[in-house]
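Survey of secondary and tertiary structure
Residues per chain are reported as follows:
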Amino acid sequence: MDPECSQLLPALCAVLADPRQPVADDTCLEKLLDWFKTITEAGSSLQLLQENPCLVELLCHVLKPQGLSARVLSFSLRLAGVFAAQESCFQYLQQAELLPGLFGEAGPLGQAAWSAPTVRSGWIQGLRSLAQHPSALPFLADCGTLDTIFSLQGDSSLFVASAAGQLLVHILGLSLQRPAEGPPSPQACDWPVCAQKIVGHIEGSLRSMATPQVTQALNVLTTTFGHCHGPWMQVLWERLSPLVACLLQEDPLPAAHSLVDLLLSVARSPVLSSSDCGLWETLAQTLRRLSPAQAGPLALGILKLQDCPQALRAQAFGVLLQPLACVLTAADQAPGPPGLPEGTTGDSVTVDTLLSSKSACAGLLCQTLAHLELLQPLPQRPSPWPQAPLLGAAVTILRFCNGSAAPASDVGGRLCAILAGCVRVQRAALDFLGALAQETGPQELVTQVSAVLLEYLRSPDSSPTVLKKAFQATLRWLLSSPRAPGCCDLDPDTQLFLRELLPVLRKRLCSPCWEVRDSGLEFLTQVTRHWGGQAGFRHALLASEVPELAEQLLRDPESYVRASAVTAVGQLSSQGLHATAASPEQLGGQKESLLAELLHVLSTDSEGFPRRAAMQVFTEWLRDRHADVAEDTERFVARVLQAASRDLDWEVRAQGLELALVFLAQTLGQPSARCPYAVAAPQATPPGPLAQALRALSRVRLFEFAFRALFDCDRPVAQKSCDLLLFLRAQATPSGGLQEAEGSPDVVPVEAALQRWRAGEQGEPLGDLEPEAVLAVLRSLDLEGLRGALAESSDHVEKSPQSLLQDMLATVGVRGENQADCY
Amino acid sequence: MPEIRVTPLGAGQDVGRSCILVSIGGKNVMLDCGMHMGFNDDRRFPDFSYITRNGRLTDFLDCVIISHFHLDHCGALPYFSEMVGYDGPIYMTHPTQAICPILLEDYRKIAVDKKGEANFFTSQMIKDCMKKVVAVHLHQTVQGDYNMTPDRHLGAAWIDKCRPNLLITESTYATTIRDSKRCRERDFLKKVHETVERGGKVLIPVFALGRAQELCILLETFWERVNLKAPIYFSTGLTEKANHYYKLFITWTNQKIRKTFVQRNMFEFKHIKAFDRAFADNPGPMVVFATPGMLHAGQSLQIFRKWAGNEKNMVIMPGYCVQGTVGHKILSGQRKLEMEGRQVLEVKMQVEYMSFSAHADAKGIMQLVGQAEPESVLLVHGEAKKMEFLKQKIEQEFRVNCYMPANGETVTLPTSPSIPVGISLGLLKREMAQGLLPSAKKPRLLHGTLIMKDSSFQLVSSEQALKELGLAEHQLRFTCRVHLHDSRKEQETAARVYSHLKSVLKDHCVQHLPDGSVTVESILIQAAAHSEDPGTKVLLVSWTYQDEELGSYLTSLLKKGLPQAPS
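Values in this document were obtained by computation on a predicted structure and should not be read as measured data.

**So, the nonpolar core**
Of all hydrophobic cores here, the largest spans 361 residues; its most connected members are L206(A), F618(A) and F304(B). The dominant element in this core, judged by the number of residues it contributes, is helix 19 (residues 310-331) of chain A, at 13 residues. With residues up to four places along the chain from it excluded, the contact list for F618(A) reads L595(A), L598(A), L599(A), L602(A), F636(A), V640(A) and L659(A). Counting residues in hydrophobic clusters, the runner-up holds 24 residues, among them F188(B), W223(B), A230(B) and I232(B).

**Quick word on the packing of aromatic side chains**
All chains considered together, the criterion is met by 27 aromatic pairs over all chains. With a centroid separation of 6.0 Å and an interplanar angle of 70°, the aromatic rings of W531(A) and F537(A) are classed as edge-to-face. F537(A) sits in the buried class, given a relative accessible area of 0%. Joined through ring pairs, the aromatic side chains of F45(B), F48(B), Y79(B), F80(B), Y86(B), Y107(B), F120(B) and F121(B) make up one cluster.

**Some thoughts on the sheet that holds strand 17 (residues 401-403) of chain B**
Residue and element names in this part refer to chain B. Reading across the sheet, the three strands line up as 7-16-17 and stay open at both edges, with parallel pairing between neighbours. The open sheet has two edge strands with one neighbour each: strand 7 (166-170) and strand 17. Taking the axes of each pair of neighbouring strands and ignoring which way they run, one obtains an average angle of 20° across the sheet. Relative to strand 16 (residues 376-380), strand 7 is paired through five bridges, and the arrangement is parallel. The residue of strand 16 that forms the bridge with L167 is V377. Seen against the sheet, helix 14 (residues 384-398) touches strand 16 and strand 17 and runs at an angle of roughly 165° to strand 16.

**What about the environment of F317(A)?**
Residues and elements named next belong to chain A. Note on placement: F317 falls in helix 19. F317 sits in the buried class, given a relative accessible area of 5%. In the structure, F317 is positioned 289 residues away from S606 in sequence and 55 Å away in space, judged by C-alpha atoms.

**Here's the deal with helix 5 (residues 70-84) of chain A**
Its 15 residues place the ends of helix 5 of chain A 21 Å apart at the C-alpha level, agreeing with the 21 Å of an ideal helix rising 1.5 Å per residue. Counted residue by residue, helix 5 of chain A has 13 buried out of 15 residues, so it is predominantly covered.

Parameters at a glance
Residues numbered from 1 in each chain as written. Chains lettered and ligands numbered in written order. Predicted model: local features only at pLDDT ≥ 70, side-chain atom pairs only at ≥ 80, totals over all residues. Heavy atoms only, no water. Core = buried A, V, L, I, M, F, W, Y, C linked by side-chain atoms within 4.5 Å. Buried < 20%, exposed > 50% of the residue type's maximum accessible area, 1.4 Å probe, protein only. Helix = DSSP H or I, 4+ residues; strand = E, 2+ residues; numbered from the N terminus. Contact = heavy atoms within 4.5 Å. Phe/Tyr/Trp six-rings, centres within 6.5 Å; stacked < 30°, edge-to-face > 60°. Pairing = 2+ DSSP bridges. Axes fitted to C-alpha atoms, helices over the stretch in contact; angles between N-to-C directions. Expected span 1.5 Å × (residues − 1).

This is the structure in structure tokens:
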């Protein structure tokens, strides 16, 4: 602890110990505790207490019944725990009888303050910090502490109850993890007292069959098997598994959700899964025992396991597929769903669940679809993967949802009625359908997929979120579609699909919902990025009016849409798909170039998003040497930088620096490895003579832009500029000879301007800067120092511990009523 | 037994990070998804792991409802929806939907401006999150900060006597009966005026919205009245946009503004101009509104540093500042601030705190409870001690149960499951006439209008409802113009349209009315001459909502033109 803080600490402790002085706000105490944690992690707690006796005094104060606020009480308990985490300090506090006082019956435990959840939470967290070394165990075992923790598992506060469970896991782990001589004994009487008590409590809870107790016990075990390792885990499971198995006999099954978590946690534990312990049988039994909705997570968990018996995997996959099998059976005229693994027929329990209510049906289907979506990309997914029936199921569900299916069976009819218009299921099914695009399927099914996607994209009933998902799924299917053999163009089916899709996209770009227009533009950008070079796509797109519409959306009333339109037309233009050439009949003849239009957006749009998007497009264009840019690169860069420098939005200015850096790299050569920016500039032209390059930078006013940005009031901008100037200096200096050749340059105007900018003035724009003068100034600036300062958080001074202590002391007595204004 | 369960994850005996889980009728709803300004780590957001442990988030949670756009009520939303993985619907009002992204961007900027803010949401995430929003018209949201005193820009909160099972209300100023708004305003204007008169500069650090608007209107009006010449500046682009939205949502603002708005746009200020960094050094008095509001970075801090050394100047903090900001320091009376590089900044300028906070005081909360007549009240968003006081007051005065759960504590309330609703005989008879009688096994849907009057509920036909409530029926029609190349007279064009449609639409009733117009079901088509081009006729097509599909089909059909008539 630095001396300044040491000096402030006694006063602060006195304030905290004084019940008449309310403490400013909760966050201060939290931050204070954070600070003590860092100190004690770095050094001796005992020494800290000895050097700052005020801390012990503060803890002693808590013992006196004097109505300290719940917050301070909670803070003190946690603080004591932080100190006692070190064994020496633990002994010290024990000797002072502080620990039993704080955490035993005599402490807050027996006082009225205990009714405040924050005090109970502080008590648990204190113990959690304290329980780091074996000497803490007798303390925990002796003082009746464990019993209190047991009861807190059922606390009215979710946070306290959860923390109590975590603490039990921690203590159990600590007590059993002592260096053991040989394997642990299965006999409980040989176990440490704490472990005996905790395991005894768990056993009691499991036997009680009362759902809350069983849940608590299962949760503790789940965390234990998830976090702790060692041979004793196996012993523990051997001892408890009969009790867990007993639960499966109960009807109704108590705490099914927690039971699933536990079994999966055990199965994932490396110690156990290698030696069976009857676990696989229990898992198989549980799968049979659970309701379809409960069994889903367990089935997924089993399928994700690295190694487990094939039969169990098959059973789990069957369970997972059940709901989809029901859907397929319900929709299909032919008996039995084709292609699903054997034994997967829609069973009556699943059918009943699906038909019981709309929420149960939607819940089960969404869960199943999400689970299969998770499973699909995994290497350990079941093989063979039933791609075709899954595609069929997804399409069928989507058809049930939009009413376009003609179910043959009674169940199908009822499912149709339940699912009609169900947005939740539509979203989940579209996500799943998109995920299935990783692989293809029989052509007939792929055609159905295209058809159903078009139905959704076309339907006036599709909600904006559903449309977004439909666009995403369509994109995935489009991009995965096969190329026609022998040429690099699209295959005829995809061509056909595109011809139908583009008019739909055109309609969606005119949607009254901004969300839909935006999703449409995002789709257009993506598909153009990937397919811009395909002749078939280019032809279809140019014939579709979509590019013209995208350009019209540059004037959309919604800024998000304008931004997406900027990105889309930027992308179209990069691929030579921009609509300018295609409108000769336009009145007035001369159409404004896109560059001019985007520059207009950059300099006049009232909102940040479109301007940011324009900057991004410009940077891309410069990087890719877009034709409009290459015409007169210097003029382009100068115009963009001029507009960006005046921008109120910090991200536009930061993006301006990004563009400047690309230009710099192209003019001077690639950024060196030292540069923090991984600019993917194309192979730069060999740098011309340095002086010439620097003059180019001067002509586009890059120096001025970067220097102004160096003193920007937004830190990220200044930081970026600093990096850019460092790069410039590194690139320009090695050849060095310039300075000597030209004699000493006149740096006065540059330095004067720097002074003004540093002071935050705008000042007059500088004329053409002499590159030599700029370089000389650049060399004289302490850019490394500045970079160090900027790398610090903008509030690092206010965040310091000293500042915290000062603030806490300063607020004493001035605490007004207005502590809690909204932000 | 059906019940309502309420668990605050944030704002339970606490201010900031508002997030309340409500389970009601088998549905799980999250009210608000806010952040805490005081922390830069995980603690700034509610701990959502308590929800995710119930399985997949979107399966567990049916919806999120955001009460209003303040960050302590919506600041964690993009994190929750794009990073934690909630994919369901989010409900908020139209103004909240419009303003929310501005504030979230502002918040993101602050976070990015500080170091080590990895794992923070991006602009794209804010947009994706906003796309999940379903904007709704709510008379008032159930819970959230509200204010019973009309603001200059927003009307006072009002809630019907809806007798809910439970009223969840904020209680920030639970113990306070605040001095009148007028007093606070007078005080504010006096201080600004005095400073400007003696040639000083006034800095008002603001968050982009709400208060800033109100203060602008206040100063603008005052400047006009007293004929002051000192310039007033606004330093941020974001607020321009905010003003723009306030303009858009003028109908949500208060009566007086709406009236004034007709004569003069209250949000287009005559005296208030955009600020340029260079102006800070101009001699003479001025007033500057600058962001951010807690003087922790950016423009406002930069101006503060320039002006702090002059005792003629003044800074007015119009809101709460969290620890760790310069705003917090100067409000707690610190006058020597250590800045970067161990420089010490001596604060000689005057420091004032003026609360214009948008929270209800004790009187306002009591008024609301009295109006709504709930069966129970639950207090959130306030400090424990103050809540305790208000809880007793509510229990004594209204004889209802009042709860104040801490974060993580669950309150369970039993509710009566059925609400008796009377059905008018006419409606029943009409429905019966239409088909099979409903039975317990085959329930049937019945459409009607629910009238809630006093404490009775009645389902009647829409005609009867109109009659009882004395309302006129309005019909919404869509119209569209289609241009046709046809140099003949209008009547002839109409006749051609008629015969064309008659031949194409065999299943529909196509009629040629005596006045020359053509109808297809509810769709009306009239031909008119083009004002400029005699060779063109304009077809006016109009249809009702019910015939939307046919209407758009007809328009597209007519756009293709008419078949060549034998000349």
